[in-house]
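Per-entry structural report
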Amino acid sequence: MAAPQAATPQTTVPVLEVEDLRTVFLTDAGPVHAVDGVSFSLGPGETLGIVGESGSGKSVTALSLLRLLQEPARIVGGSIRFQGREVLAMSPRELRDWRGDRAAMVFQDPMTGLNPVKRILGQVTEHIVSHGRMPPKPARRRGIELLRRMGVAAPERAAAAFPHEFSGGMRQRVMMAIGLANDPALLIADEPTTALDVTIQAQILDLLRGLNQEFGTAIVLISHDLGVIGSVCRRVAVMYAGEVVEEAPTADVLEDPRHPYAWALVNAVPRLEAPAGARLTAIEGTPPDPLNPLPGCRFAPRCPFRIARCDTEHPPLMEVAPGRRARCWVTADGRSLPRPTVPATAERRAPATGEAPLLQATGLEKKFVLPRKSLFAQPAMVHAVNGVDLVLRRGESLGVVGESGCGKSTLARLLTRLHAPTAGRITFEGQDITTATPAALRSLRPRLQMVFQDPYASLNPRMTVGQILAEPLLAHRRAPSRAAAAERVASLLDTVGLKPAFATRFPHEFSGGQRQRISIARALALEPAVVVADEPVSALDVNVQAQVLNLMLSLRERLGLSYLFIAHDLAVVRAFCDRVAVMYLGRIVEEGPADEVITRPLHPYTVALTSAIPEPGRQRVLLGGEPPSTLRLPQGCAFRARCPVAQDVCATLPPLAEVAPGHRLACHFPGALAPLPRQERLP
Amino acid sequence: MSRYIVQRLVTAVMMAILASAVIFLIANFVPGDPVLAQLGDIAASDPATVARWRAKWGLDLPLWERYGIFLSGLVQGDLGTSIATRRPVLDDIFQYAPATIELATVAFLLSLVIGIPLGIAAAVWRDGWVDSVARVVSLLGVSAPTFWLAFIMLAIFYGGLGWAPGPGRLDPIAFPPEGPTGLFLLDSVMAGDWETFGDTVAHLVLPSIVLAAATIGLITRTTRAAMLDSLQQDYIRVSRAKGMRERTTILGHALPNALVPVVTLGGLAYANLLAGAVMTETVFSWPGLGRYTFRSAAALDFPAIVGITLVVSVTFLLVNLAVDLSYALLDPRVRR
């Protein structure tokens, strides 16, 4: 290696200097400028976040940094210097020696990033050996030590295991061990927590922050979530349409964004302390066509602060304040952008307790029998839902939150009778539908509709939007003729904010947010009383999420809908729901008014969940471990094993009892674990 | 892992018993009377002769009793006596099987040794010249009829160029090697008889290429498809991000994952090579099971047919067992 390795970490040479990086995808329609002149610099031990929506070029930037892109993507210009060495000039051999040794990367999906047929330890240590850092035997010892350091439980046993034996969180820890195996000076983490639950995400983010502080590893963290970046990185670069549009300390961007796109990102996210039920700030439109870049500012067509100059002249990245750069003509003189006008809070109706419930579940249970492993084995059972009592009243929206595997999606499918319950009762509009036949359900379906999580998989790709929306109308004879159906389709599209002309298009012609609008229109086609929405916004970018949430809020007011809203994001639930039920391992552990449950949680699990939301300054109640297996239900309180305040009495199941009007709780020690106070700045 | 093996073994034994019953039943319900096939027209017209003959072969007993006799014989390693050759069926099979096993195994190894590397290369240099070569080789191998290919090969390399020896396992004037296995390659090596070994190899070249042609094509295509899929996976990018050599990434990370479907196909292909050697054996005058089967079927020699079918199905079961076990070796998710 040309550069002397003895240089002290305090040297002023930046770890990474990126200048005018340009990466294009060569497509049949012409080159797509995915990364278009990105520059930034990262000192030793510094942390930089890159944030943007899907398609902004942030992941392509990350892959470009390690030159990991494959055809048809190509780096066509600029420079990437690592500790003064030009990465773009490295020979394949030099590149190989450098990657995984001085610079490492952690990818988004831990489920697919590990080779399923290789043991964990080999995957952690192979590049320690191949880079000549250690012979195999000490490398194995180091591998186990790394796993321990990353918080992998029982590292000796884990080392000999195969990836499929681990949960997503554990696999991401293994991926981090792989990344850090050779003590790199630079770690690039591309959405490392996006596939994980909030409490696991909190653990991984803490780990990242700890590694940065302990080893001085410089970190580039790519995420779509400013909160995630804020909890690890001091500085952030906001990307839009292949360009960095703002670069500044993260806290400053969150407090006082100087680029309108950053402004939109910051304000589109529901915050826990915002008034509940408030509309979110959403900007309209979609990112520009990457094949034909605009002559002026790329954000101008969607910008609420646009001035004449924006349409004609492309703004450079300018210094707008000490240490802050933004690519905007409006804030070029150093002014701040106005805070969003807080839109009128939707009027909250007091829960009409006297009224008969619209949808009610009593003692609801669902067990799934797994296929036998062998002829003689007892079939295993998944205890998905283990006794849920729930009431949804007319015009109310009830949020159900919990981590993956807590049974919230199964609950949604039980309530809509897509699944048949193993035990318990479900009534809908006063009618018992627990054992309703398919024929009886058919007449109920129009009143009880569902919106699914994945807007890509839930629309038939071979049908036009018009056909998709007309299908339920014709099937339930709600439209006397095709012409009448087409008319109704047009008005449905208008209701969800889409152009009626879109009826002739196919689903693949739409973006994720537009597809979710179509899904909602389909659910509304039959004028339902209840819409059960299973994670309807979790696959969407924050701005699109804000648009869809606003749409659902206004539909609720206009059509008097009731929602059962399944989500894992507490802030979203708080912004959208009147009441919230928190689930853990198939049971409700706390339920009550959304404001109350989220701002003054009483169950230790709710406390941990709210504290795990990545917002800068929020102190975490760290939960060790992961939820127990649904194959074998634990005795007593299911949360006991992870609970910081558990005692012997928790071995008996605490009942879900009312602790205040409308607030139910299943815990022997209500409020024993108090939420931690907020900190002002990163430590 | 050991539990998995035991499970598979138990399943295999149960399948073998089931197969024997099915084979026995089918043989009994085949239209065609072995009595008429064996006795002359005159003898068959005499009821007493027919009855005597039936009693001699046990054809007068009820079906279940005959199956019982068959099973008890089977357990003792007795597959009955061939009606046509008047020799124990097992002896016949032992005489003819090694020739087929030798041919099929060499053909199988040939298809692995050619097909897998060709498939890997085609995937790694996708749309390059290797890929084109692989495509042509597979297409030719799969679509050329065996008998046609056999005659063309013989005409060119034996008749025309004289590079390859003629049909048969050995030169007509050579003596087969003495040995316990009947596999000439093994026997000649064990006897240290290198001349015979060379002669055997020379005689194996053409028939094994002909027999392997279709399998080479299938294995190449399957390996290519599986490798292309593996190379798209995230762990390949992780391996590159670790700074592993490209060779380690391809052979160490992508290949073990890609081998899973190839092993499935390989198992089926080996069984098919064993059972499908008839055409090749006929053209190359190969004294193997294929020709024995053909003769037995023509003579309605039921004990021989049942014996051969049983041997073939047990071979299928064994190959399947081997496939299942190699799955477990290749893919830890299958174990337990």
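Residues numbered from 1 in each chain as written. Chains lettered and ligands numbered in written order. Predicted model: local features only at pLDDT ≥ 70, side-chain atom pairs only at ≥ 80, totals over all residues. Heavy atoms only, no water.

A word on the pattern of salt bridges
Residue and element names in this part refer to chain A. Taken as a whole and judged by the stated rule, the model has 42 salt bridges over all chains. A salt bridge links arginine 488 to glutamate 527, with the shortest nitrogen-to-oxygen separation between them at 3.9 Å. Linking arginine 488 in helix α15 (residues 482-495) with glutamate 527 in the loop between α16 (512-524) and β19 (530-534), this pair joins segments that are 39 residues apart in sequence. What makes glutamate 527 exposed here is its relative accessible area of 53%. Measuring nitrogen to oxygen at the nearest pair gives 2.2 Å for the salt bridge that ties glutamate 591 to arginine 579. Here arginine 579 lies in strand β21 (residues 579-584) and glutamate 591 lies in strand β22 (residues 587-593), a separation of 12 residues in the sequence. Like glutamate 591, the residue arginine 579 is buried in the burial classification. Connected through shared salt-bridge partners, Asp20, Arg22, Asp36, Glu243, Arg298 and Arg327 make up one network. (Salt bridge = Lys/Arg side-chain N within 4 Å of Asp/Glu carboxyl O. Helix = DSSP H or I, 4+ residues; strand = E, 2+ residues; numbered from the N terminus. Buried < 20%, exposed > 50% of the residue type's maximum accessible area, 1.4 Å probe, protein only.)

Observations concerning the UniProt feature "domain: ABC transmembrane type-1" (unreviewed entry) in chain B
Residues annotated in UniProt with the feature "domain: ABC transmembrane type-1" (unreviewed entry) correspond here to residues 97-323 of chain B. In residues 97-323 of chain B, helix accounts for 79% and strand for 0%; the two terminal C-alpha atoms are 22 Å from one another. (UniProt positions renumbered as here; feature names shortened; annotations may be inferred.)

Side note on the interface of chain B and chain A
Much of the literature gives interface size as the accessible area that the parts lose upon coming together. Taken residue by residue, the interface counts 22 residues in chain B and 30 residues in chain A. In this assembly, chain B packs against chain A so that about 2400 Å² is buried in total across both faces, 59% of it on carbon and sulfur atoms. It is B:Arg237, B:Ala241 and B:Lys242 in chain B that bury the most area against chain A; as a group they hold 25% of the surface buried on that side. Linking chain B with chain A are one salt bridge, by the criterion used here. Inspection of the chain B/chain A interface yields 12 residue pairs in polar contact (both at pLDDT 80 or more). Counting residues per element, the ones that place at least two in the side of chain B that touches chain A are α1 (2-29), α11 (234-241) and α12 (246-275) of chain B. Looking at the side of chain B that touches chain A element by element, the count peaks at six residues for α11(B). (Contact = heavy atoms within 4.5 Å. Buried area = accessible area lost by both parts, 1.4 Å probe. Polar contact = N/O pair within 3.5 Å; in protein donor to acceptor, adjacent residues only side chain to side chain.)

Here we look at the UniProt feature "domain: ABC transporter" (unreviewed entry) in chain A
Sequence positions flagged by UniProt for "domain: ABC transporter" (unreviewed entry) are, in local numbering, residues 16-266 and 370-610 of chain A. The distance separating the terminal C-alpha atoms of residues 16-266 of chain A is 27 Å; by composition the span is 37% helix and 28% strand.

Considerations on the domain arrangement of chain B
Residues and elements named next belong to chain B. Segmentation of chain B into domains returns domain 1 (2-75) and domain 2 (96-330). If you average the C-alpha positions of domain 1 and of domain 2, the two centres end up 33 Å apart. Taken together, the two surfaces of domain 1 and domain 2 that pack against each other cover about 1400 Å², and 84% of this comes from carbon and sulfur. At the boundary of domain 1 and domain 2, one finds one salt bridge. Ionic pairing is found between arginine 8 and aspartate 324, a salt bridge with its closest N-O pair at 2.9 Å. The interface formed by domain 1 and domain 2 contains one residue pair in polar contact (both at pLDDT 80 or more). Listing elements by their share of the side of domain 1 that touches domain 2, those giving two or more residues are α1, α2 (34-38) and α5 (63-75). (Domains from an automatic or database assignment.)

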